[in-house]
Amino acid sequence: ARLCIEADQPWELKHSQVTEGPTILKHEGMYYFFYSANHFLSVDYAVGYATADNPLGPWTKTTDSPIIHRTQIGQNGTGHGDFFTDAEGNLRYVFHFHADKQNVSPRKTGLVRAAFAPAEEGGCDRMTIDAKSFTPLQFSY
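Residues numbered from 1 in each chain as written. Predicted model: local features only at pLDDT ≥ 70, side-chain atom pairs only at ≥ 80, totals over all residues. Heavy atoms only, no water.

### A closer look at the side chain of His69
With respect to the helices and strands, His69 occurs in the loop between strand 4 (60–61) and helix 1 (70–73). A polar side-chain atom of His69 sits 2.9 Å from a polar atom in the side chain of Asp44. (Helix = DSSP H or I, 4+ residues; strand = E, 2+ residues; numbered from the N terminus. Polar contact = N/O pair within 3.5 Å; in protein donor to acceptor, adjacent residues only side chain to side chain.)

Right under this line is the structure:
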């Protein structure tokens, strides 16, 4: 077992000190560690990421996290998902969110378009999420 990250940023500590649901992507020689923070019962459950040049770290959290949050998507409890490439070659992120403003369950599933944006000089590319592409899917659990 290896500690990769822990909740220590203000946005990660709104409800609890939980970081979970990891996914790692490799892009342009860098590793991108995506995770959810806060408890899934929290309206502020959200997705952030960190980067490293080695899959074992050390990981550096980005300053633009969270990249998926209720303030961007318009749904509570947005988190814990995974990436895939669709039939047209677009990077997508699928994740769950709360049933409605008052209830967590049954959780619903949503989809957003994702992309790597070119790095500023001296940095690594950053992940961007197109919040306007948010699509709720006909799947709940």
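### Remarks on the nonpolar core
Within the largest apolar cluster, 18 residues are counted, with the highest numbers of intra-cluster contacts made by Phe34, Ile67, Ile68, Phe83, Phe95, Val112 and Met127. Elements that contribute at least two residues to this core include exactly strand 2 (30–37), strand 3 (46–52), strand 6 (91–97), strand 7 (108–117) and strand 8 (126–140). If we skip the residues at most four places from it in the chain, Ile68 touches Ala46, Val47, Ile73, Thr78, Tyr93, Phe95, Val112 and Ile129. Ranked by size, the runner-up nonpolar core spans ten residues in total, among them Ile5, Tyr31, Tyr35 and Ala37. (Core = buried A, V, L, I, M, F, W, Y, C linked by side-chain atoms within 4.5 Å. Buried < 20%, exposed > 50% of the residue type's maximum accessible area, 1.4 Å probe, protein only. Contact = heavy atoms within 4.5 Å.)

### Observations concerning unusual backbone geometry
Across the junction of Gly57 and Pro58, the peptide omega takes the value 5°, indicating a cis bond. Within the element layout of this structure, Pro58 appears in the loop between strand 3 and strand 4. In this structure, the amide linkage connecting Ser105 to the following residue, Pro106, adopts the cis form with an omega of -5°. With respect to the helices and strands, Pro106 occurs in the loop between strand 6 and strand 7. In this structure, Asn38 takes a positive phi of about 80° despite not being glycine. Structurally, Asn38 is set in the loop between strand 2 and strand 3. With a phi close to 50°, His80 is a non-glycine residue in the positive phi region. Mapping His80 onto the fold places it in strand 5 (residues 79–85).

### So, the packing of aromatic side chains
Summed over all chains, the structure comprises twelve aromatic pairs. Ring geometry for Phe33 and Tyr35: centres 6.1 Å apart, planes at 55°, overall tilted. With relative accessibility at 1%, the residue Tyr35 sits in the buried group. Measuring from ring centre to ring centre gives 6.1 Å for Phe95 and Phe134, while their planes differ by 35°; the resulting arrangement is tilted. With Phe95 in strand 6 and Phe134 in strand 8, this residue pair connects regions lying 39 residues apart in the sequence. Overall, the relative accessible area of 2% leaves Phe95 in the buried class. Through successive ring pairs, a cluster of aromatic residues spans Tyr32, Phe34, Tyr49, Phe83, Tyr93, Phe95, Phe97, Phe116 and Phe134. (Phe/Tyr/Trp six-rings, centres within 6.5 Å; stacked < 30°, edge-to-face > 60°.)

### Brief notes about the sheet that holds strand 1 (residues 19–27)
Strand order in the open sheet formed by four strands is 1-2-3-4, and the pairing between neighbours is antiparallel. Among the strands making up the open sheet, the edge pair consists of strand 1 and strand 4. Alignment of strand 2 against strand 3, held across seven bridges, turns out to be antiparallel. Across the sheet, the residue bridging to Tyr32 is Thr51, located in strand 3. (Pairing = 2+ DSSP bridges.)

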